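Understanding the architecture of this molecule
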Amino acid sequence: MRKYLDFNNFIIFDGAMGTMLQSRGLKAGEFPESYNFTHPDIIRSIHSEYVAAGADIITTNTFGANRYKLANSGLIVKDVVAQAVKIARKAAGGKLVALDVGPTGKLMKPHGDLSFEDAYRAFSEQIVAGEAAGADLILIETMSDVYEAKAAILAAKENSKLPVICTMTFQQDGRTLTGTDVLTMVNILQSLGLDALGVNCSLGPKEMMELVEDLVRYSKVPVIVQPNAGLPKICRGETVYETEPLEFSAYMKSMAQMGVTVLGGCCGTTPEHIRAVKKAISNLKPVERNIIDFTAISSYSKTVILSHGINIVGERINPTGKPKMKDALKNQNYEYILNEAIKQRDAGAHIINVNVGLPEIDERQAMIQSVTKLQGAINLPLMFDSPKAEVLEAACRIYNGRPIINSVNGKESSMRDIFPIAKKYGACVIAMTLDETGIPKTAEERLKIAEKIMERAKLYGIDKKDIIVDCLVLASSAEQEAAPETLKALRLIKEKLGVLTVLGISNISFGLPNRPLLNRTFLAAALGAGLDMPIINPLDLEMVKTVDAFNVLAGHDKNADYYISTYSKPGETDISTIEKYVKVDLKSIIRNGLTEKVRPAIEELLKDKKPMEIVDDVLIPALDEVGKKFETGEIFLPQLIMSAEAAKTAFQIVNSYVKNTEGQNSSFMKGKIILATVKGDIHEIGKNIVKSMLENYGYEVVDLGVDVPEYKIVAKIKDENIRLVGLSALMTSSLKSMEDTIKAIRLTGVDCKVMVGGAVLNADYANMVGADYYGKDAREAVKIAQNVFQS
């Protein structure tokens, strides 16, 4: 099958299905997938029109055919998929049929209620049905969470033999809903073995141009782009898209000339748009892209390019020689582990090493819990450190990013166990220069082991640039001659192999006095010999200073910008400033989302402060600070939610204290707000995020759920004397319901303001439907509430 996907030539996908169905009679609240049974002729007709327009691949009507979206439809996933593929196959006329796999509509844990494995199982169910029904390839599309995209890709790779393409949807700020930028998306997803990747939906072709520039620069696999037909607007009571086929095709031609080879359309596009694209590129040939070669690891929102400068790996999450860490692991105190990561992040670490190996605990489960906790609160990439393959695989599987495996070595058993894991999950790997005979004495012997590891990695399809060689540091107290040999090995491996290098620096001083002095002296020597990634304790600020100074001298810190900005103020970098990394107060607890530390911090504050003083002087300022960082792109949605959850716990504790001391009717709640996803729309991610943020600012939220008819909203406004209602919509088919709901509210004459939000909305559209406010995100919703209830 794979031979038919000829990426050496342009491939044309079809356009929209949902908006085409709306034009053929699909009503708000109807499941598009139901038309596979009730109106198969309409579905087949749409497919046939796209084939006639020149599409090489048509996409099945299965965007929402997963167990979560079909939960209340009466439809069965397997039957829906089988029928959809059958209809598409009849219409294809020899063209390829792509199984369309959309998002579940739920928010992933730890910020939502959908676990990674539950998402994986839902996608697997749909994909197995699609392959069995005869689909030719899998299109995973409109993903706003790279973690959910990873679950879908693994489901496809592990449960089918079909080619897999994945597209994500981006906001106008250049990031997905959960904060992933293009570089990070590419680095994570292409490492999972995709056949092509790209962007679709949310934006029109004009707005996508900057995203495409990054895509063609970074992606090593073919690039697919499927824009909307511009932005939606209301015309004569109907939702329409403003970009006509000719304009659409002009932008798509430009993208083809930039290096995009797979082109199609999303919401609002029609067979005429696809026909225009086919014509526009008819005389073009795919161009050879100038792809940037880099080695990088990523969290969900941050990519660290390992080949650029010196990157510090924080070593403190490791129970060896650390009684408090051992106790934390034994007692499953993952807040302690999270706090260690936060301190290292704040002290300057670029990557966090995670080692939870203790013989008396379940290391695999401890690693899973630690990774889940860490990736929900910090955005630094992680390195997984364990001698056990099953622990490393568990960590790589549930990690929301592209990690480093620590480690493989020259033993046959090690390479046999570790390389398949690295290949499957796209991880970088640390290669330790030891084998069955132990650690070689000489640099030349360590080089030979490194060469063997590189050759074996190549057989598994792992590029040598993804291998990071550890020449191994031995304690000078036991083997004084070993330090010069390690430095020699560094230089040899850099010269002969040209790969990245890593060392655990603090091993050098074991058993000797004044360890920090030896550590930083050896660090300087190793950096000069070619070390790229020192594994150190970043709370030892002298070590960090050594790295900062080396970056200037080696030319990594251009114009010494970072060095000057960091060290130009006397006293600010004194070793005593280590205290700022260990200071923990309620504000920092809220900022970092340390929920389990909230209660003792509040109980301490209540000794000296009144409840409202805690709310006004601590909680609200902390949330405001987090909100500002969210607005400026310093943090992203997962961190915002973690902070909000910590604040929610704080408000609940303070409110309970007020009721216990001042009476059950006492409360500091600021006002009551209705939230609802409008009639015809079953998506709730955005609504639930807004709900969480509003509650954490002290507002009482009446959540009416999804697919809520206008009469129910109006009745609740009257019954509860509501002053502010928030309406959400993700689907273009439900935007008319939003407008009708607002009209119904206005007709009652009640004094109630309306804010609206959702992926298909913007400020202009909010104004068109008659809303008072446009809540572009959860932070903006809080500002709107503050404005309404303070007036």
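Relevant structure appears above.
Residues numbered from 1 in each chain as written. Predicted model: local features only at pLDDT ≥ 70, side-chain atom pairs only at ≥ 80, totals over all residues. Heavy atoms only, no water.

Regarding the sheet that holds strand β23 (residues 724-728)
To keep things clear, this is the line we draw: Whether two strands pair depends on DSSP finding at least two bridges between them. Numbering of helices and strands runs from the N terminus, with a helix taken as a DSSP run of H or I at least four residues long and a strand as a DSSP run of E at least two residues long. The contact criterion used throughout is that any non-hydrogen atoms of two residues lie within 4.5 Å. Comment: axis = line fitted to C-alpha atoms, over the contacting stretch for helices; angle = value between 0 and 180 degrees taken between N-to-C directions.
Read across the sheet, five strands follow the order β22-β21-β23-β24-β25 without closing on themselves; strand pairing throughout is parallel. Looking at strand neighbours, the two that pair on one side only are β22 (700-703) and β25 (773-774), the edges of this open sheet. Pairing of β23 with strand β24 (residues 753-757) involves five bridges; the strand directions are parallel. Bridge pairing links Leu724 to Lys753 in β24. The strands touched by helix α27 (residues 735-748) within the sheet are β23 and β24, with β24 carrying the most contacts at an inclination of about 175°.

Re the nonpolar core
Nonpolar side chains in soluble globular proteins generally cluster together in the buried interior. Our working rule: For the purposes of this section, nonpolar cores are sets of buried Ala, Val, Leu, Ile, Met, Phe, Trp, Tyr and Cys residues that join through side-chain atoms within 4.5 Å. Accessibility here uses a 1.4 Å probe with only protein chains present; expressed as a share of the type maximum, an area under 20% marks a residue as buried, one over 50% as exposed, and anything in between as partly exposed.
Core analysis: the biggest nonpolar cluster contains 218 residues, and Ile140, Leu189, Phe384, Ile590 and Leu694 have the highest contact counts within it. With 12 residues, the single largest contributor to this core is helix α24 (residues 637-662). Leu189 has contacts with Val146, Ala149, Ile153, Cys166, Met168, Leu194 and Leu197, leaving out every residue within four places of it along the chain. Membership of the second largest hydrophobic core comes to 27 residues, among which are Ala729, Leu761, Ala766 and Ala771.

Concerning the packing of aromatic side chains
Keep this limit in mind: Note on aromatic contacts: the rings of Phe and Tyr and the six-membered ring of Trp form a pair at centre separations within 6.5 Å, being stacked when their planes are under 30 degrees apart, edge-to-face when over 60 apart, and tilted otherwise. Lysine NZ or arginine CZ positioned within 6 Å of the ring centre and within 35 degrees of the ring normal marks a charge as sitting over the ring.
Counted according to the given criterion, the structure contains six aromatic pairs. Taken together, a centroid distance of 5.9 Å and an interplanar angle of 85° make the contact between Tyr218 and Phe294 edge-to-face. Here Tyr218, found in helix α8 (residues 205-218), pairs with Phe294, found in the loop between α10 (271-280) and β11 (296-298); they are 76 residues apart in sequence, far enough to count as distant. By relative accessible area, which is 5% here, Phe294 ends up buried. Their ring planes at 40° and their centres at 5.6 Å tell us that Tyr699 and Phe789 sit as a pair that is tilted. On the criterion of sequence distance, the pair formed by Tyr699 in the loop between α25 (685-696) and β22 and Phe789 in helix α29 (residues 778-790) is long-range, its members being 90 residues apart. Per residue, the accessibility class of Tyr699 equals that of Phe789, and both read buried. Positioned over the ring face of Phe294 is Lys220, at 4.6 Å from the centre of the ring. Of note, Arg397 hangs over the ring of Tyr120, and the distance from its end group to the ring centre comes to 4.7 Å.

Quick word on α8
Going by this rule: Given a helix with a known number of residues, its expected span is that number minus one, times 1.5 Å. The angle between axes fitted to the seven residues ending at a residue and the seven residues starting there is what we call the bend at that residue.
For α8, spanning 14 residues, the distance from its first C-alpha to its last is 19 Å, which sits close to the expected 20 Å at 1.5 Å a residue. At Leu211, α8 shows its strongest bend, of approximately 40°. For α8, the complete set of buried residues consists of Pro205, Met208, Met209, Leu211, Val212, Leu215, Val216 and Tyr218.

Brief notes about the side chain of Thr184
Which entries qualify depends on this criterion: Distance and chemistry together define a polar contact, namely a pair of N or O atoms within 3.5 Å, with one atom able to donate a hydrogen and the other to accept it when in protein, and with adjacent residues in sequence counting only for side-chain atoms on both sides.
Mapped onto the secondary structure, Thr184 falls in helix α7 (residues 182-189). Residue Thr184 is classed as buried on the basis of its relative accessible area, which comes to 0%. Of the polar contacts made by the side chain of Thr184, one reaches the side chain of Asp181; its length is 2.8 Å. Apart from residues lying up to four places away in sequence, Thr184 is in contact with Ser298, Ser299, Tyr300, Ser301, Lys302 and Thr303.

Concerning the pattern of salt bridges
As a reminder, the rule being used: Salt bridges are identified by distance alone: a Lys or Arg side-chain nitrogen within 4 Å of an Asp or Glu carboxyl oxygen.
A full pass over the atoms with the stated rule returns 40 salt bridges. A salt bridge links Arg121 to Asp118, with the nearest nitrogen and oxygen atoms 2.5 Å apart. In this pair, Arg121 and Asp118 both sit in helix α5 (residues 116-133), three residues apart, roughly one turn of the helix. The exposure class assigned to Arg121 is partly exposed, which follows from its relative accessible area of 41%. Using a relative accessible area of 27% as the deciding quantity, one classes Asp118 as partly exposed. Between Glu720 and Lys672 there is a salt bridge whose closest N-O contact spans 2.7 Å. Residue Glu720 is found in helix α26 (residues 710-720), and its partner Lys672 is found in strand β21 (residues 672-677); the two are separated by 48 residues along the sequence. With a relative accessible area of 28%, Glu720 lands in the partly exposed category. For Lys672, a relative accessible area of 25% puts it in the partly exposed group. Among the charged side chains, a network of salt bridges with common partners joins Glu117, Glu158, Glu393, Arg397 and Lys424.

Concerning the pairing of strand β16 (residues 404-409)
Condition: Consider the strands pointing away from the viewer: the crossover is right-handed when the path from the first strand over the helix to the second runs clockwise.
Most of β16 is tucked away: six of the six residues are buried. Of the pairings in the sheet, the one linking strand β15 (residues 382-385) to β16 comprises three bridges and is parallel in character. Bridged to Met383 within β16 is Ile404. In terms of handedness, the path from β15 via helix α14 (residues 389-398) over to β16 forms a crossover that is right-handed. Handedness of the crossover joining β16 and strand β17 (residues 428-432) through helix α15 (residues 412-425): right-handed.

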